[in-house]
Amino acid sequence: MEIRDLRRSDGDELRALWRACGIRDRPGDDDESIAAMASRNPGLCIVGREGDRIVASALAGFDGRRGWLYHVATHPAARRRGIATRLVRTIEDRLRAIGCRKLNLIVWEGEEEAMAFWSRIGYRREKTVEYAKELAD
Ligand SMILES: CC(C)(COP(=O)(O)OP(=O)(O)OC[C@H]1O[C@@H](n2cnc3c(N)ncnc32)[C@H](O)[C@@H]1OP(=O)(O)O)[C@@H](O)C(=O)NCCC(=O)NCCS
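Below you will find a few notes about this structure. (Residues numbered from 1 in each chain as written. Predicted model: local features only at pLDDT ≥ 70, side-chain atom pairs only at ≥ 80, totals over all residues.)

### What about the site of the ligand?
- Close to the ligand lie 21 residues; Thr74, Arg79, Ala84, Thr85 and Glu113 are nearest.
- Breaking the shell around the ligand down by element, the ones donating at least two residues are strand E4 (67-74), helix H3 (83-97) and helix H4 (112-120).
- Here the shell around the ligand takes 5 residues from H4, the largest share from any one element.
- Taken together, the residues of the shell around the ligand sort by class into 11 nonpolar, 4 polar and 6 charged. (Near = placed C-beta within 6 Å. Helix = DSSP H or I, 4+ residues; strand = E, 2+ residues; numbered from the N terminus. Nonpolar A, V, L, I, M, F, W, Y, C, P; charged D, E, K, R; others polar.)

So, in structure tokens, the structure goes:
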């Protein structure tokens, strides 16, 4: 598997991957938002490619205090081969190199398989509750 930075032109293929992985459409999944995040976070928004197909994604941002991970996903046909682990480890190394000391992510309630993955690769569940507000145009 080749790891490379996400490109604006990956949008359609990425959204298809996320749908196949059961990730619902989120604010920030449109081409413009994806491109903005990738350009603000060079090397932290990455895809895994096999042949001419994107089989996995992991998007991270660093706000100066914490790193945040989004859309870690591996196509159902490519799972349990260590692909998501490789992408996350790549991002961890790159974040560490730019001074990030803690990496956070959100798991939806009931996503037991995702929880098993994060626990397995060294992430701990925190006693926090998330609040959010969508900002309309
Ligand atoms: C979670 C997900 C990203 C894992 O991708 P992956 O490439 O298969 O993960 P890896 O092969 O690197 O898994 C590493 C380890 O995590 C654990 N793990 C991964 N998927 C698991 C599952 N479905 N159930 C239990 N443990 C799992 C295993 O211990 C695995 O090692 P093993 O295969 O040697 O037992 C993938 O299942 C996925 O895309 N799920 C849907 C989207 C999602 O939930 N993303 C996370 C958002 S928070």
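### Focus: unusual backbone geometry
- Phi angles above zero are rare outside glycine, and His71 is one such case at about 50 degrees.
- Within the fold, His71 resides in strand E4.
- For His71, a count of 21 C-beta atoms within 10 Å corresponds to the buried category.
- At Arg80, a position not held by glycine, the phi torsion is positive, near 60 degrees.
- Among the structural elements, Arg80 can be located in the loop between E4 and H3. (Buried ≥ 20, exposed ≤ 12 C-beta atoms within 10 Å, placed from the backbone.)

### Overview of the sheet that holds strand E5 (residues 103-105)
- Across the sheet, which stays open at both edges, the 5 strands sit in the order E1-E2-E3-E4-E5 with mixed pairing between neighbours. Every other strand in the sheet has two partners, leaving strand E1 (2-5) and E5 as the edge strands with one partner each. Put simply, the sheet's adjacent strands are angled 30 degrees from each other on average, direction ignored.
- By the bridge criterion, 3 bridges tie E4 to E5 in an arrangement that is parallel. For Gly67, the partnering residue across the bridge sits in E5 and is Leu103.
- Across the sheet, helix H2 (residues 31-40) touches E1, strand E2 (45-50) and strand E3 (53-62), and the angle it forms with E3 is around 60 degrees.
- Sitting on the sheet, H3 touches E1, E2, E3, E4 and E5, and the angle it makes with E3 is about 30 degrees. (Pairing = 2+ DSSP bridges. Axes fitted to C-alpha atoms, helices over the stretch in contact; angles between N-to-C directions. Contact = placed C-beta atoms within 7 Å.)

Without other data, these values stay purely geometric and don't point to any function.
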